[in-house]
Amino acid sequence: MVALALVAGLLTSWWTVQRSMPQTAGTIRLAGLDGEVTVLRDSNGIPQVYAATSDDLFYAQGYVQAQDRFFEMDFRRHVTAGRLAELFGSSALETDEFVRTLGWRRVAEQELALLSPDTRRYLDRFAAGVNAYLTDHDGAEISLEYAVLGLKGVGTTPEPWEAADSLAWLKAIAWDLGSNMDDEITRSMLSTRLTRREIDSLYPPYPYDENQPIVTQGAIVDGVFEQDATGNGTRLPERPAYLSAGREALMRAKSARRSLDDLLGRGDGLGSNAWAVSGEHTASGAPLLANDPHLAPTMPGVWYQTGLHCTSVSPECPFDVTGFSFAGLPGIVIGHNADIAWGFTNLYPDVQDLYLEKVTGDKVLYDGKHEPLTTREETFEVAGTEDPTTITVRESRHGPLISDVNDELADVGVNAPAEALSPARADGYAVALKWTALTPGRTADALFGINAATDWTEFRDAARNFEAPSQNLVYADTAGHIGYQAPGRIPIRRSGNGDWPVPGWDPAYDWSASYVPFDALPSVLDPVDGYVVTANQAVTMKGYSYYLGDSFDYGYRSARIRALLESQSDLTLGDMTAIQLDDFSSLARRITPILRSIPLDGSYYRRGQDVLASWDFRLAANSPGAAYFNAVWRVLLDLTFSDQLPAGELPEGGSRWWTVMEKLVRDPNNPFWDDVDTASVERMDDIMRQALMDGRDEMTRLVSRDPADWKWGMVHTLTLRNQSLGSAGSPVASLFNRGGYELSGGPAVANATAWDATEGFEVTAVPSMRMVIPLDDLDGARWINLTGASGHAYNDHYTDQTDLWAAGKTLPWAFSRDAVSKATEQELILAPAG
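Source: prediction; values computed, not measured.

Turning to helix α21 (residues 684–702), a few remarks are in order. Note: α-helices contain 3.6 residues per turn, so residues at a spacing of three or four share the same orientation. Between its first and last C-alpha atoms α21 spans 26 Å; for 19 residues at 1.5 Å apiece the expected length is 27 Å, and the two agree. Within the sequence span of α21, burial applies to Met 684, Ile 687, Met 688, Ala 691, Leu 692, Met 693, Gly 695, Arg 696, Glu 698 and Met 699. Residues of α21 that are buried sit in contact with α17 (586–597), α18 (603–610) and α19 (624–641).

Next up on the list: the side chain of Ser 724. Residue position: Ser 724 is located in the loop between β26 (717–720) and α23 (733–736). Judged by relative accessible area, Ser 724 falls into the buried class, the value being 14%. A distance of 2.6 Å separates polar atoms of two side chains, one belonging to Ser 724 and the other to Asn 722. Leaving out residues up to four positions away in the same chain, Ser 724 has contacts with Phe 71, Phe 75 and Phe 88.

Applying the stated criterion across every chain, the model contains 37 aromatic pairs. These aromatic residues form a ring-pair network of at least three members: Trp 303, Phe 324, Phe 326, Trp 783 and Trp 813. Note that Arg 634 overlies the ring of Phe 761, its terminal NZ or CZ placed 5.7 Å from the centroid. Over the aromatic face of Tyr 50 sits the side chain of Arg 817, whose NZ or CZ is 4.0 Å from the ring centroid.

Put plainly, two cysteines are in a disulfide when a covalent bond ties their sulfur atoms together. A complete count under the given rule lists one disulfide for this structure. Between the sulfur of Cys 310 and that of Cys 317 lies a disulfide, 2.0 Å long from S to S. On the sign convention where negative is left-handed, the bridge of Cys 310 and Cys 317, at about -85 degrees about the S-S bond, is left-handed. Overall, the relative accessible area of 5% leaves Cys 310 in the buried class.

The next point concerns the pattern of salt bridges. Overall, the coordinates contain 39 salt bridges when judged by the stated rule. Two residues, Glu 762 and Arg 721, come together in a salt bridge whose shortest N-O distance is 2.8 Å. One end of the pair, Glu 762, is in the loop between β28 (754–755) and β29 (763–767); the other, Arg 721, is in the loop between β26 and α23, and 41 residues separate them in sequence. Accessibility expressed as a relative area gives 33% for Arg 721, which makes it partly exposed. Salt bridges sharing common partners tie together Asp 74, Arg 77, Arg 105, Glu 109, Glu 162 and Asp 165.

A few words now on the sheet that holds strand β17 (residues 399–400). Within the open sheet, the three strands sit side by side as β15-β16-β17. Their pairing is antiparallel. Of all strands in the sheet, those with a lone pairing partner are β15 (374–380) and β17, marking the two edges. Here two bridges tie strand β16 (residues 389–396) to β17, and the two strands are oriented antiparallel to one another. Following the sheet pairing, Ser 396 is matched in β17 by Gly 399. Its contacts with the sheet put helix α5 (residues 93–102) on β15, β16 and β17, and the angle it makes with β15 is roughly 145 degrees.

About the thresholds
Residues numbered from 1 in each chain as written. Predicted model: local features only at pLDDT ≥ 70, side-chain atom pairs only at ≥ 80, totals over all residues. Heavy atoms only, no water. Helix = DSSP H or I, 4+ residues; strand = E, 2+ residues; numbered from the N terminus. Expected span 1.5 Å × (residues − 1). Buried < 20%, exposed > 50% of the residue type's maximum accessible area, 1.4 Å probe, protein only. Contact = heavy atoms within 4.5 Å. Polar contact = N/O pair within 3.5 Å; in protein donor to acceptor, adjacent residues only side chain to side chain. Phe/Tyr/Trp six-rings, centres within 6.5 Å; stacked < 30°, edge-to-face > 60°. Lys NZ or Arg CZ within 6 Å of the ring centre and 35° of its normal. Disulfide = S-S within 2.5 Å. Salt bridge = Lys/Arg side-chain N within 4 Å of Asp/Glu carboxyl O. Pairing = 2+ DSSP bridges. Axes fitted to C-alpha atoms, helices over the stretch in contact; angles between N-to-C directions.

Set out below in structure tokens:
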């Protein structure tokens, strides 16, 4: 411990910390620039970049991002290239093997050839700017993390940045926002303990009667979605699900990806809110647009705020745009330009299918014949070892065999039970992943096209290339329009849907050669009711012709947001912000009266139950009722399901489980209420009584015996962890992590600060940023980031926005050159060398 303290003291010395702080004022001369670029930073260190050409603009963006966030960028490219073990040793090797098997970086390299010449040039110029910064900085001069890695003997001279490094992060985001693969595996695991009917009850259909979808008008006419049309489509025929064949292989597939999911923060609670309101409902008479994406908390936060401005906007330099991007990616992902504003929420389409493959030696069965597997070798350098590790990646026609991550499991699936119609298993079934994001695409073209779009037509034209990850695109413009577009490469299956793993040897389960046509995807300009509300709920009504998926959020957030919007007639920017912070729980409103009706013995337990009597169903940080209700909810899920579900498949507590529980409380004798491990038959009241008592004991243990001392925020806390060096138990975690933030909110409420009921109350997903844009006054827009502009620990802008974010506050968001100049605290000139 003494040695660790000395190391920490060394690393936090003024010189070690300060040497990586970037120059943000004055003049820096750089080879590769054609003209001067001005970088103006406000009091929060947020840069606005001004250049005469697009080439210089993206060069400067690369340079500035490298100043603030290069270690984050470098870490991300090691993740997406499957090279973490080079930095962190053998503990990261399993993650690397899984990523290399998927081939994110390989796909990114293939995409480069598909992109427009302009997009390719922007990526290359961004890379040149990053490399200009690396030319004059090395190791600990770049970031404090390199100083730590240097002490461990890891090389700290980064490789040059490449265009494919930027594209590869889009694959990680697509993976992070996917969900259906998990659902397929979970359904199969549940089949070891439950009947098909019981499994279906845990995946209830979307409650259309209670929570409306995003698009409530329109139909497909002659292959085109017409927003004013009516009519019904058809569904693809169902085929039998292969429930148990290959179960062992599925378990291996799930295990192999778990470390990657933990690294990226993938799990229950990821989603977003975004909505646009037409001028007929606003005080100003102009549209308002709001967005807050819900992602895993990281240090630094996933978003990077910036502005990119051509000093004279023209076809050659069409950018005058500001908003949120990802460190390592040029352009703006979410934000606005001088004419339009846009926001994203995850569409949750079903774009992943698992195929059980009958593999024999180096061949795989398909349509009664054996065809060769495609193979390649991947070699990994591992810090702390001299010898590299090599694996063989195998692929079927459907995709990489993700159950075959290392050669120790060549016989995976040997002991899996097989259906009667399945081929003889011999040496087992493997599992292949077919996923749209593993086909090279042009999403980068879409992002730059949206950045430069000036109206709805140009916005939709750009969205045609937005292939993965599929997002709900919410739109508003200064001309007074609002709109919605569903983009993405969404498969058309020859039969059935992607809810269960399917047999790879049967061509009937293949995807069609084409995807859902873009013009057939839901799209609405100026909806009749004047609202576009997206919160990951179902996209269309039941009659839509194509199958988009069924892993949507169950609509509690969207219903609450819409109800709040419709309750007011002259909405303002402040109203939008208040809705983003709304923490009313519709589940609590439904369940609490039942909990209060359960008789409890003893004043100790009744005093706990009494805090629900005056509770307003809001998950406020200072609420005793919220603290107790969530403690009871966690126990209730465990008591109801842990005796009947397989280990590893217990409820996390999100919107799907809200829907499941709302149905169960209407059926107090449902078999799920019974604890099968006891001789008696329990019913709903028995389980709820025990949950009330156990929840009371839990709050006593965690907080106080006196219910008056309970506060939801005392247990619902946020810790911002550095993804590379901030893991629990790390001796240097305190250098980089920041925490102890007490938060309001919870899963499936508008202020979506999720937590995992299988782990505890700690926050696992958050509104990673918030923004509200009034289209009649772009300088009046507001924004806030989870952390700050800087990724440098101990920089003034490392977490200077976090306290404001936690308190529900926002920052001014200047856009015009005059407003930006007035807000400027530091000015940096990037000038051509010589």
